[in-house]
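# An overview of the molecular structure
In case you want the letters, here they are:
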Amino acid sequence: MSETTTSSGQSERATKQFVTLTIADQLFGIPVLSVQDVLASQPVARVPLAHPVVAGLINLRGRIVTAINMRQRMTLPPRDDGSEGMSVVVEYQGELYSLNIDTIGDVISVPLDKIELNLATLDPLWRSFADGIYRLDEQLLVILEIERLLDLDAAEAA
Amino acid sequence: MDELLTEFLTETSEALAVIDTELVRFEQDPSDKAILQDIFRLVHTIKGTSGFLGLPRLEKVTHAGEDVLGMFRDGALEVTPTAVSVILKAIDRVKDIIGGLEESGSEPAGDDSALIAELRVIAGDDATPPPPALDQAPVAAAPEPAPEPEPAAEGAPPTDADGGFPVAQELLDEVTAAGADGPGVPTDADAGFPVAQELLDEVTAAGADDAGVPTDAAGGFPVAQEILDEVSGAQTAQQSAAGTGEYTEGLPAGPQAIAQPAEQPAPEAAPQVAEAPAEAAVPEAAAPEAAASEPAAPPPTAEAAADAGEPRQVKESSIAAQSVRVNVQLLENLMTLVGELVLTRNQLLQMVRGRDESEFKVPLQRLNHITTDVQEGVMKTRMQPIKNAWAKLPRIVRDLSLEMDKKIELDMLGGDTELDRQVLELIKDPLMHMVRNSADHGLETTAGRLEAGKPETGVITLNAYHEGGHIIIEIKDDGRGVNIERVKSIILSKELATEAELAEMSDQQITQFIFKAGFSTAEKVTSVSGRGVGMDVVRTNIEKIGGNVELTSEPGKGSRFKINIPLTLAIVSALIVESGGERFAIPQIGVLELVRVSNNSENRIETINDVPVLRLRDSLLPLVDLPKVQKLKASNEDDPDVERFVVVSQVGTLTFGLIVDRVFDTEEIVVKPVAPILRQVPIYSGNTILGDGSVIMILDVNGIASIAGALDMPRQEVSDTVQDTSTTAGERVALLVFRASGSQLQAVPLALISRLEIIEGERIEYAHGEPMVQYRERLMPLIATDGGEIKPDGQQNLLVFQEGDRAAGLVVETIVDIVEQVLKVELTADKPGLVGAAVIDGKATDVLDVGHYLTKAFPDWFTATQEQRGDGENLRKRMLLVDDSPFFRNLMAPLFSVAGYEVITADSADDALQMRDDGADFDVIISDIEMPGTNGFQFAEHVRGDPRWRDVPMVALSSRASEKDRERGRSAGFDDYVAKFDRNKVLDSLNRNFQREAEVPTEKVA
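Overview of the structure. (Residues numbered from 1 in each chain as written. Chains lettered and ligands numbered in written order. Predicted model: local features only at pLDDT ≥ 70, side-chain atom pairs only at ≥ 80, totals over all residues. Heavy atoms only, no water.)

## Here we look at the overall build of chain B
Along chain B, the regular secondary structure elements total 33 helices and 35 strands. Buried positions account for 53% of the 1006 residues belonging to chain B. Long-range pairs, those at least 24 residues apart, make up 68% of the contacts in chain B with a sequence separation of at least 6. Carbon together with sulfur atoms contributes 50% to the accessible area of chain B, which is approximately 43,600 Å² in total. (Helix = DSSP H or I, 4+ residues; strand = E, 2+ residues; numbered from the N terminus. Buried < 20%, exposed > 50% of the residue type's maximum accessible area, 1.4 Å probe, protein only. Contact = heavy atoms within 4.5 Å. Areas by Shrake-Rupley, 256 points an atom, 1.4 Å probe, with all protein chains shown as cover.)

## Quick look at the pattern of salt bridges
Under the criterion given, the structure shown has 43 salt bridges over all chains. Of the charged contacts in the structure, one is a salt bridge between Asp-131 of chain A and Arg-148 of chain A, with a shortest N-O distance of 3.4 Å. Of this pair, Asp-131 of chain A sits in strand 9 (residues 130–135) while Arg-148 of chain A sits in helix 3 (residues 146–150), and the two are 17 residues apart along the sequence. The class of Arg-148 of chain A is partly exposed, set by a relative accessible area of 34%. Taking the shortest distance from any N to any O, the salt bridge between Glu-456 of chain B and Lys-407 of chain B comes out at 3.5 Å. You can see Glu-456 of chain B sitting in the loop between helix 19 (446–451) and strand 4 (458–467) and its partner Lys-407 of chain B sitting in the loop between helix 17 (393–404) and strand 2 (408–413), a full 49 residues away along the chain. (Salt bridge = Lys/Arg side-chain N within 4 Å of Asp/Glu carboxyl O.)

## Section: the sheet that holds strand 9 of chain A
Residue and element names in this part refer to chain A. Taken in spatial order, the 5 strands line up as 8-1-2-10-9 in an open sheet, and their pairing is mixed. Looking at strand neighbours, the two that pair on one side only are strand 8 (103–111) and strand 9, the edges of this open sheet. With strand direction ignored, the average angle separating the axes of adjacent strands in the sheet is 30 degrees. With 6 bridges joining them, strand 1 (residues 15–23) and strand 2 (residues 26–31) adopt antiparallel strand pairing. (Pairing = 2+ DSSP bridges. Axes fitted to C-alpha atoms, helices over the stretch in contact; angles between N-to-C directions.)

## Side note on unusual backbone geometry
All names here are of chain A. Here the phi dihedral of Ala-24 falls at roughly 50 degrees; this positive angle occurs in a residue that is not glycine. Tracing the chain through its elements places Ala-24 in the loop between strand 1 and strand 2. With a phi close to 70 degrees, Asp-25 is a non-glycine residue in the positive phi region. Relative to the helices and strands, Asp-25 resides in the loop between strand 1 and strand 2.

## Structural notes on the interface of chain B and chain A
You'll often see interface size given as the accessible area lost when the parts meet. Each partner contributes residues to the interface: chain B has 22 residues there, and chain A has 18 residues. Carbon and sulfur atoms make up 70% of the area that chain B and chain A hide from each other, which totals about 1,700 Å². For the chain B face of the interface with chain A, the top three residues by lost area are Glu-582, Ile-677 and Val-695 of chain B, together amounting to 33%. At the boundary of chain B with chain A, the tally comes to 1 salt bridge. Close ionic contact of Arg-46 of chain A with Glu-582 of chain B constitutes a salt bridge, the shortest N to O distance being 3.5 Å. (Buried area = accessible area lost by both parts, 1.4 Å probe.)

## Looking at the nonpolar core
Judged by nonpolar contacts, the single largest core of 71 residues is most densely connected at Met-70, Met-74 and Leu-99 of chain A together with Leu-678 of chain B. For this core, the element with the highest residue contribution is helix 14 (residues 328–354) of chain B, accounting for 4 residues. Membership of the second largest hydrophobic core comes to 49 residues, among which are Phe-801, Ile-840, Leu-957 and Leu-990 of chain B. (Core = buried A, V, L, I, M, F, W, Y, C linked by side-chain atoms within 4.5 Å.)

## Here's the deal with a nonpolar patch on the surface
Together, Val-324, Val-326 and Leu-330 of chain B make up a nonpolar patch on the protein surface, roughly 290 Å² of accessible area in all. Mapped onto the elements of the fold, Val-324 of chain B is located in the loop between helix 13 (312–316) and helix 14. (Patch = residues over 30% accessible without salt bridge, like charges linked within 9 Å, V, L, I, M, F, W, Y side chains within 5 Å.)

## Description of the pairing of strand 23 (residues 770–775) of chain B
Residues and elements named next belong to chain B. Looking at chain direction, strand 22 (residues 765–767) and strand 23 are connected through 3 bridges and run antiparallel. Note on strand 23: the bridge partner recorded for Tyr-766 is Pro-771. Following strand 22, the chain reverses through 2 residues before pairing antiparallel with strand 23; His-768 in that reversal takes a positive phi of roughly 30 degrees. Connecting strand 23 to the next strand, strand 24 (residues 778–784), in antiparallel fashion are 2 residues, including Arg-776 with a positive phi near 50 degrees.

## Some details on the packing of aromatic side chains
Summed over the entire model, instances satisfying the criterion amount to 6 aromatic pairs over all chains. Ring geometry for Tyr-92 of chain A against Tyr-97 of chain A: centres 6.2 Å apart, planes inclined by 50 degrees, an arrangement best described as tilted. The residues Tyr-92 of chain A and Tyr-97 of chain A share a single accessibility class, namely buried. Between Phe-515 of chain B and Phe-561 of chain B, the ring centres sit 6.4 Å apart and the planes meet at 75 degrees, which makes this aromatic pair edge-to-face. Residue Phe-515 of chain B is found in the loop between helix 22 (507–511) and helix 23 (534–544), and its partner Phe-561 of chain B is found in strand 7 (residues 558–566); the two are separated by 46 residues along the sequence. Residue Phe-515 of chain B shares its accessibility class with Phe-561 of chain B, and that shared class is buried. Across from the ring centre of Phe-40 of chain B, 4.1 Å away, lies the NZ or CZ of Arg-73 of chain B, which sits over that ring. (Phe/Tyr/Trp six-rings, centres within 6.5 Å; stacked < 30°, edge-to-face > 60°. Lys NZ or Arg CZ within 6 Å of the ring centre and 35° of its normal.)

## A short note on the packing of helix 4 (residues 81–104) of chain B against helix 17 of chain B
Residue and element names in this part refer to chain B. The interhelical angle for the contact between helix 4 and helix 17, taken along N-to-C directions, is 135 degrees, at an axis separation of 12 Å. Classified by the interaxial angle, the pair formed by helix 4 and helix 17 is oblique. In the crossing of helix 4 with helix 17, the sense of the turn from one axis to the other is left-handed. Two secondary-structure elements touch here, helix 4 through Pro-81, Val-84, Ser-85, Leu-88, Asp-92 and Lys-95 and helix 17 through Arg-395, Arg-398, Asp-399 and Leu-402. The residue makeup of the contact of helix 4 with helix 17, split by class, is 4 nonpolar, 1 polar and 5 charged. (Parallel < 35°, antiparallel > 145°, perpendicular 65-115°, else oblique. Left-handed = near helix turned anticlockwise from the far one by under 90°. Nonpolar A, V, L, I, M, F, W, Y, C, P; charged D, E, K, R; others polar.)

## Re helix 15 (residues 361–381) of chain B
Residue and element names in this part refer to chain B. Its 21 residues give helix 15 an end-to-end C-alpha distance of 30 Å, which sits within 8% of 30 Å, the value for a rise of 1.5 Å per residue. Among the residues of helix 15, those classed as buried are Leu-364, Asn-368, Thr-371, Gln-375, Val-378 and Met-379. Taken down its axis, helix 15 places every buried residue within 110 degrees of arc, on the same side. For helix 15, the exposed residues set more than 90 degrees away from the buried face come down to Val-362, Arg-366, His-369, Asp-373 and Lys-380. Residues of helix 15 that are buried in the fold lie against helix 14, strand 1 (383–385), strand 8 (571–579) and strand 16 (662–670). (Expected span 1.5 Å × (residues − 1). Arc of directions from axis to C-beta.)

## Observations concerning the pairing of strand 8 of chain B
Residue and element names in this part refer to chain B. Among the 9 residues in strand 8, 8 count as buried, and that is most of the element. For strand 8 and strand 16, the ladder comprises 7 bridges, and the chain directions are antiparallel. Counterpart to Ala-574 in the pairing with strand 16 is Glu-667. The antiparallel hairpin formed by strand 8 and strand 9 (residues 582–587) contains 2 residues in its connecting segment, where Gly-580 sits at a positive phi of about 60 degrees.

## Regarding the sheet that holds strand 17 (residues 684–689) of chain B
Residue and element names in this part refer to chain B. Strand order across the open sheet formed by 5 strands is 16-8-9-18-17, with mixed pairing between neighbours. Here the strands that pair on one side only, and so sit at the sheet edges, are strand 16 and strand 17. The mean angle between the axes of side-by-side strands here comes to 35 degrees, regardless of whether they run parallel or antiparallel. In the sheet, strand 17 pairs with strand 18 (residues 695–699) via 5 bridges, with the strands oriented antiparallel. Paired with Thr-688 across the bridge in strand 18 is Ile-696. Here helix 14 sits on the sheet in contact with strand 8, strand 16 and strand 17, set at roughly 140 degrees to strand 16.

See the structure below:
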């Protein structure tokens, strides 16, 4: 991931740092301050009858963390290459959630004024939890908004 | 917010709660001085402290309130509901202000003048000079007893002796003198109260200064100071009276008010206390307080004044020292830590379990014990008496009773019963709701009650007690009970059930509809209840914490809510089970028993009407297949004969079984609430981490039952579905259809069969030529049906019939099905062993005469076995069974004889009446209703109309059991009316009748 640089001579731009991650070949970003942990694949306890988005529960150093199947959440097809994937742990309303993703990338700094809010190009579902798009050289980075991502009730209604 | 203010808020909140309750009690018994004392003291304290802290609104409101209270105390004001209501208003206002204080750290802006005016009006108004002055400044400095004449102080003689308190004594004398003169009138002028007047002047002067700063030195209050000094001298001689203030020296209110301040934290104390005696004297149109002068009064005062800043001394020596105030968050943290400790201990135990020899075993044992003790100790800290949840209720009931113009009394029993803090919080609202319900809907109006012959005052009783790991809370009222007809019409209007369904339900079942969402019998939404919040929310809230609530009602007599809650939430014992390859935990409290089932064992899962059931002792247990509910693969899908387990649980009044694939063991688990995303799933009540680190879900038995639909229509047993009390003609019977040999289908009423067994031919033995098999440590004779045969080898099916400890097995070749349908038997006259033939499930089937076969096995099957009972007493009750159908006589007779009755049958009412004429006597009569000739109702009327059998209990058996029929039966003279094929209900009914007829001698002459 290339880092953007502020052009010299301009006043310092406000930037925000994001952890980048890939799900089904799409690049996403989560504000670095929201990320509590990054985990390798974990044994997951299934929860029958739970919402399909819930992959199950994991034990993270004694705390019970809800694992979220991000592909399911984004209505993407399940992983088929047999790889284990990783997960990113975030906190939302006092609970910890482990978001199952494919791979994790670098932390990048994004100038705030370069974040595009016109999301018309995005799938409506993604639009519901995206906070903006940032154009990198070769790809688009979709910035995720954790609250809306994990607010399933609103998602159902949408 | 500074610590001082925080403490003030805490203590004042507590005081307010107490005041609420006390005021209501006081209103009910205005002659109770002690209560008033308490109230006065509390209000007084709030006033004083708020003055000191510079909280003018509070001070003014409490002051005005205190005035009224003072007048109550002196008998100058009658305790009327109106007056008390205004005081309560003042208390509410104080609560509001406190609330605002809590939020922002300073008094919210507001105008209390209207309220204060109201209070003044009640107080008869008009004040006297000093008090208004006092209003502005917490004149703490001087004890300013503007001693007022004690009006007809009943039984409050001030001391006579000087006792070393010259100034005080003088004041006292002035007061006494005044008292002798009659009711107190405030005086501005000296009017014979020189000392008093001086004090008054000091006070006024102080007031005018608006200083509000306490002073220890004389500071311009010579008279006051002298008294103060006298008092501090007295202090040493006195026992500490903090908290009690029982000065029996005949001193009226004052001293107590003074004692109270001693409990205040240090800084407040000095000025506070000093003020107290003065305030206590709050002159007013008769709020007299000769008090200050009283020697006994002020040890605390003196204390405080003397050790300005160290009143803690007094506090320490009292009961206050026995308990400590602890921040709730601290306790929560402690609880969490203990939880973690338990989990870690479990993990260690798990690890050591595998190894036999380990140096860790012994210390781990100790750790185990210690952890358990710590756990118990910490859990105790979370326990609070339930009266904390009841605290608000007296006031609410009082307000309700005024609002609805009903007389209501609230009895609270078992207030000391302790339960977990968390649980307490959660039931506060449901409790309030139910009490409101009772007051609003349950209790009749005063007129209504008198009409019904009840006492004017309706009583609502709260009763809490422990029972086996649960806390039971009952809310009873002696009102009109649930109006079944109204409930029915609402059910119909909201389309919650059809007329037909309603007709089949018992009153109890109909009553349960009250818990359905959207249900409210209130015609209009009163401000009290009927807001549509409803009992369903109450039930949900209670079930959320693992409890349940039940409503029983007796029309005209009252209703009773019974709430059942598990005692603690956080750490529970749980049974670990497996379902669909995953493990789950079931809280031990929900588990009644475990039954191992398999297709080959004597405990088999059978199906009746597509509902899996388990025959457990005498009842049929409806079952829920857990893996199926969870949409997982059950262990018996691959191998139908695999052993599984049934976890027997009880939800409310319904007992049912949960089928799981495997059972592991019991573990102590720490319950952690589920993540919000999982809360919608009803079958889970939490999750936990096991000793081995794996996360498992905790099952909610209630939730599972409701998902499986087992709870929609509360039924006691599945046998209800078998006994269908439909209104179509003919009776529906459950029949077991089998083939004895060859292709002929035969059937036997299911109700008669005790068990179905499979035996190997090799087990059959012969004794004097008769085949039998060893069964449960006895020999059980085997019978073959006519035309059937007992094979010497291979598997055979047995229908086991049992009576007492005798059993007989009917060998059949194959069991075909269990069918429930209307039975129309075409009788065949003379084939022994058969009652007749019928079309069952579309095919011609022989219906067996079980009795015939049983007597083949034991010729004396049906005759009394009292000789065998050994003790010579004829224990069998004699029963007369009247039914025109031989099939049903044959059906019921063995049932009853198995239950211990000696059964005599009659095939018509006339036959039975003939027996009566012949002198026969019975302990109980069971009769059919639909009979040719004289029907059951007429029979009952005959029986009741004649002395010979008039007192014999009579039970009607019929397939028709609607309300109307029951009514008719009862008015004809039947004691009970039961559906024909519900064996257990019939037996229950008989038992009940016998309990009532305990005096009926069992010896009867045939």
